[in-house]
Amino acid sequence: MHGLFQKLLKPRVSLSTQHEQEAKVTNVSTSSSFTSSFSSSSSSSSLPETAPSKPPQPHSALSSPQRYNRKYDLLVCHSHADTEVAYCLVSFLEASPRSLRCFLWQRDVGPGGAIFTEFCQAVQDSHLQALLITPNFLQEDLCTYMMHQTLAEGPMSNRLIPLVYNLSHSQYPQELKFYVYINLSNNTCRGYTRINQTVLDCE
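Numbering of residues starts from 1 in every chain and runs along the sequence as written. Confidence filtering applies because this is a predicted model: local features only for residues at pLDDT of at least 70, side-chain atom pairs given and counted only at 80 or more, and all residues used for totals across whole chains, interfaces and linings. Hydrogens are left out, water is left out, and the side-chain values use all remaining heavy atoms of the structure.

## Here we look at the overall build of the protein chain
The condition that has to hold: To qualify as a helix, a DSSP run of H or I must reach at least 4 residues; to qualify as a strand, a run of E must reach at least 2; elements of each kind are numbered from the N terminus. For every residue, the accessible area (1.4 Å probe, protein chains only) is compared with the maximum for its type, and the residue is labelled buried under 20%, exposed over 50%, or partly exposed between those bounds. Contact criterion: two residues are considered in contact whenever any of their non-hydrogen atoms come within 4.5 Å of each other.
Along the protein chain, the regular secondary structure elements total seven helices and five strands. When the helices and strands of the protein chain are read in sequence order from the N terminus, they spell out α-β-α-β-α-α-β-α-α-β-β-α. A burial count over the protein chain gives 33% of its 203 residues as buried. Considering only contacts within the protein chain whose residues lie at least 6 apart along the sequence, 69% involve residues at least 24 apart.

## Remarks on the packing of aromatic side chains
Definition in use: Planes of paired rings set the category: under 30 degrees apart is stacked, over 60 is edge-to-face and the rest tilted, where pairs are Phe, Tyr or Trp rings (Trp by its six-membered ring) whose centres lie within 6.5 Å. In this scheme, Lys NZ or Arg CZ marks a charge over a ring once it lies within 6 Å of the ring centre and within 35 degrees of the ring normal.
Under the defined criterion, the tally for this structure stands at four aromatic pairs. With centroids separated by 4.8 Å and ring planes inclined at 90°, the aromatic side chains of Phe-116 and Tyr-145 adopt a geometry described as edge-to-face. Residue Phe-116 is found in helix 4 (residues 115-124), and its partner Tyr-145 is found in helix 6 (residues 141-153); the two are separated by 29 residues along the sequence. In this arrangement the basic side chain of Arg-98 is found over the ring face of Phe-92, its NZ or CZ atom lying 3.8 Å from the centre.

## Some points on the environment of Leu-93
Position of Leu-93 among the secondary structure elements: in helix 2 (residues 83-94). Excluding residues that lie within four positions of it along the chain, Leu-93 makes contacts with Leu-74, Arg-98, Ser-99, Leu-100, Cys-102, Tyr-192, Ile-195 and Asn-196.

## Considering the side chain of Arg-159
The cut-off we apply is this: Two N or O atoms form a polar contact when they lie within 3.5 Å of each other; inside protein one atom must be a possible hydrogen donor and the other a possible acceptor, and for residues adjacent in sequence the pair counts only when both atoms belong to side chains.
Positionally, Arg-159 belongs in the loop between helix 6 and strand 4 (160-164). Within the local environment of Arg-159, its side chain forms a polar contact with the backbone oxygen of His-127, the two atoms lying 3.2 Å apart. In contact with Arg-159, not counting residues within four places along its chain, are Arg-70, Val-123, Gln-124, Ser-126, His-127, Leu-128 and Gln-129.

## Thoughts on the packing of helix 4 against helix 6
As a reminder, the rule being used: Every angle, taken between N-to-C directions, lies between 0 and 180 degrees, and every axis is a line fitted to C-alpha atoms, over only the stretch in contact when it is a helix. Left-handed describes a crossing whose near helix is turned anticlockwise from the far helix by less than a right angle; the clockwise case is right-handed. Just so you know the grouping, Ala, Val, Leu, Ile, Met, Phe, Trp, Tyr, Cys and Pro go in nonpolar, Asp, Glu, Lys and Arg go in charged, and all remaining residues, Gly too, go in polar.
Across the interface, helix 4 lies against helix 6 with an axial gap of 10 Å and an inter-helix angle of 35°. Between helix 4 and helix 6 the crossing geometry is right-handed. Only Leu-142, Tyr-145, Met-146, Gln-149, Thr-150 and Glu-153 of helix 6 make contact with helix 4, whose side of the interface consists of Phe-116, Phe-119, Cys-120, Val-123 and Gln-124. Residue composition of the contact of helix 4 with helix 6, grouped by class: seven nonpolar, three polar and one charged.

## Topic: the sheet that holds strand 5 (residues 182-183)
Defined as follows: Any two strands with at least two DSSP bridges between them are considered paired.
Pairing in this open sheet of five strands is parallel, and the strands run 2-1-3-4-5 from one edge to the other. Two strands close off the open sheet at either side, each with one partner strand: strand 2 (102-104) and strand 5. As paired elements, strand 3 (residues 126-133) and strand 4 share five bridges and run parallel to each other. Directly across from Ala-130, in strand 4, lies its bridge partner Ile-161. Here helix 2 sits on the sheet in contact with strand 1 (72-77), strand 2, strand 3 and strand 4, set at roughly 165° to strand 2.

Encoded structure:
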């Protein structure tokens, strides 16, 4: 009987021992894997970090040689009554860092010069022309002439920028209905910034 019990118990003992050995092998394998992973992570984290490369700086239109193909960056056409508004706009555009070259017919036509002749020449010598359209602008024959002259230079070109100031949409000239205007009435500073960006995009 004693021998029979030993035979019955022996497989169980050996089976239990086998499970323990397998568990030890598994633990050693897991420990080895974790150590390898940690070592790999540590070595990768110890590598020197490379600084991200800086994106290339956008090319400035103001530094383009093509800018100087024309004498002015922007011509501003306005009525006599809106001289102060026009001067504020030009002062913003001519100030650093924008430093645009602007033409104002009241300021830049030489003493004794022929206004119509010098204006037509300035239209040809400018990259863009801006029309400061106000109720006063629509009432002056000189402004109507200037508007038609700029349209004649390029009827469907991208060289004309209508600017609307204190003017309702219904008063917007029919001659310019295909042009999108910049409204200076609500946010003047934002409008000035849009004009500056438009000039830069053109050049």
